[in-house]
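# Examining the three-dimensional arrangement
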Amino acid sequence: MARPPKELTPEKSVEDLLGSKIRKLRLAQGWDVTDLAAKVFVSPGRISSIETANDPPGRDLTVKLEQIFGVDGALLELQMLIKSEAFKNYAQRFLRDQAGARSIHEFSPGVPGLLQTADYARALMALDFTDDPEGLEDSVVRRAERQEVFGRKNPPWLWVVLAEPALYQVHGSPNIMARQIDHLLEMGERPYIHIQMLPMDQPAVPGSISLLTLRDGTRTAYGEGVNTGTYYQEPGDVDRLQRIYDHVQAGALDLDASAQVMRDARRKHQR
């Protein structure tokens, strides 16, 4: 049986506001949660979770709800705000600290944002902005702006362990990948940027890890998967991620061998 709806306070969060709006629209139609669930092909419990702000709908379900209720954009706008708010909650503090860090050590299954070309970043993020080309371009610009830290007087020390498949999975086109690899090779020539490749036969982790040492010596860590991320500031959590990073780095190639792997991958994209 679906849980009874609680009294919502829309002021609390965007999730509360969206859940309250869906509940009001449902009640205006004279439907119970079972009726609405059947119309959008989900369980009554799923509708209850949405209305109580415990599990907000994704984009596809939000579009279905808009069609059922005959409201154009009113729900989707709130759903997009939830996505933006979630990003701020788990990433904005990290990005701010990253910009002022003394050193950055990172493992990534794909080319990390600090080393992406604009074309690669655009291709990588395109699926998240299929209906918002202006939003895509804004995101590409913001990602490029983060790289300005390497132009300052005292740039951060950056050490990246990059999973080898990242060089072969095509984002955009082979030409975009070739230029991205050229950029990695060029950035790796800077004395404060080091890129090690993790071969395909070495164990990795499902997601990225970033370890920061801030200007005051504070150490923090950030772990990210698909649409999830956590910024760690407690010493025990940072130490745990440091150990994981160290284990992965131990299997990486040295800098010269890594550069050769990148050059070999570039030739495959230029066939």
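In this report, the structure presented in the accompanying data block is examined.

Cut-offs used in this document
- Residues numbered from 1 in each chain as written.
- Predicted model: local features only at pLDDT ≥ 70, side-chain atom pairs only at ≥ 80, totals over all residues.
- Heavy atoms only, no water.
- Helix = DSSP H or I, 4+ residues; strand = E, 2+ residues; numbered from the N terminus.
- Buried < 20%, exposed > 50% of the residue type's maximum accessible area, 1.4 Å probe, protein only.
- Pairing = 2+ DSSP bridges.
- Axes fitted to C-alpha atoms, helices over the stretch in contact; angles between N-to-C directions.
- Contact = heavy atoms within 4.5 Å.
- 1 Å grid on protein atoms, 1.4 Å probe; cavity = no way out; pocket = protein on both sides within 12 Å on 5 of 7 lines; lining within 4 Å.
- Points joined across faces, edges and corners; volume = space filled by probe spheres on them.
- Expected span 1.5 Å × (residues − 1).
- Arc of directions from axis to C-beta.

## Description of unusual backbone geometry
Phi at Phe-41 takes a positive value of approximately 60°, unusual for a residue other than glycine. With respect to the helices and strands, the residue Phe-41 is situated in the loop between helix H2 (33-40) and helix H3 (44-51). Residue classification places Phe-41 among the exposed positions, given a relative accessible area of 71%.

## Remarks on the sheet that holds strand S4 (residues 208-214)
Spatially, S3-S2-S1-S4-S5-S6 is the arrangement adopted by the six strands of the open sheet, whose pairing is mixed. Among the strands making up the open sheet, the edge pair consists of strand S3 (193-198) and strand S6 (228-232). Strand-to-strand twist in this sheet, taken as the mean axis angle between neighbours without regard to direction, amounts to 10°. The sheet contact formed by strand S1 (residues 101-108) and S4 spans six bridges and is antiparallel. By the bridge assignment, His-105 is partnered in S4 with Leu-211. Across the sheet, helix H9 (residues 235-250) is in contact with S1, strand S2 (157-163), S3, S4, strand S5 (219-225) and S6; its angle to S4 comes to roughly 120°.

## Comments concerning the layout of surface pockets
Gaps between atoms show up when a probe of the same size as a water molecule is rolled over them. In this structure, the second largest pocket occupies an estimated 180 Å³ of space. Of all the elements in the fold, those that place two or more residues in the lining of the second largest pocket are helix H8 (174-187), S3 and helix H10 (255-269). Of all the elements, H10 adds the most residues to the lining of the second largest pocket, at five residues.

## Some thoughts on H8
Compared with an ideal rise of 1.5 Å per residue, which puts 14 residues at 20 Å, H8 spans 20 Å between its outermost C-alpha atoms and is within 8% of the ideal. Those residues of H8 that sit buried are Ile-176, Met-177, Ala-178, Gln-180, Ile-181, His-183, Leu-184, Leu-185 and Met-187. Its buried side turned inward, H8 meets helix H6 (118-125), S2, S3 and H10.

## Re helix H4 (residues 59-69)
Three or more residues of H4 are buried, namely Leu-61, Thr-62, Leu-65, Glu-66 and Phe-69. One face of H4 carries all of its buried residues, which in axial projection span an arc of 145°. H4 presents Asp-60 and Gln-67 as exposed residues on the side facing more than 90 degrees away from its buried surface. Directly beyond the C-terminal end of H4, a positive phi value near 70° is found at Gly-70.

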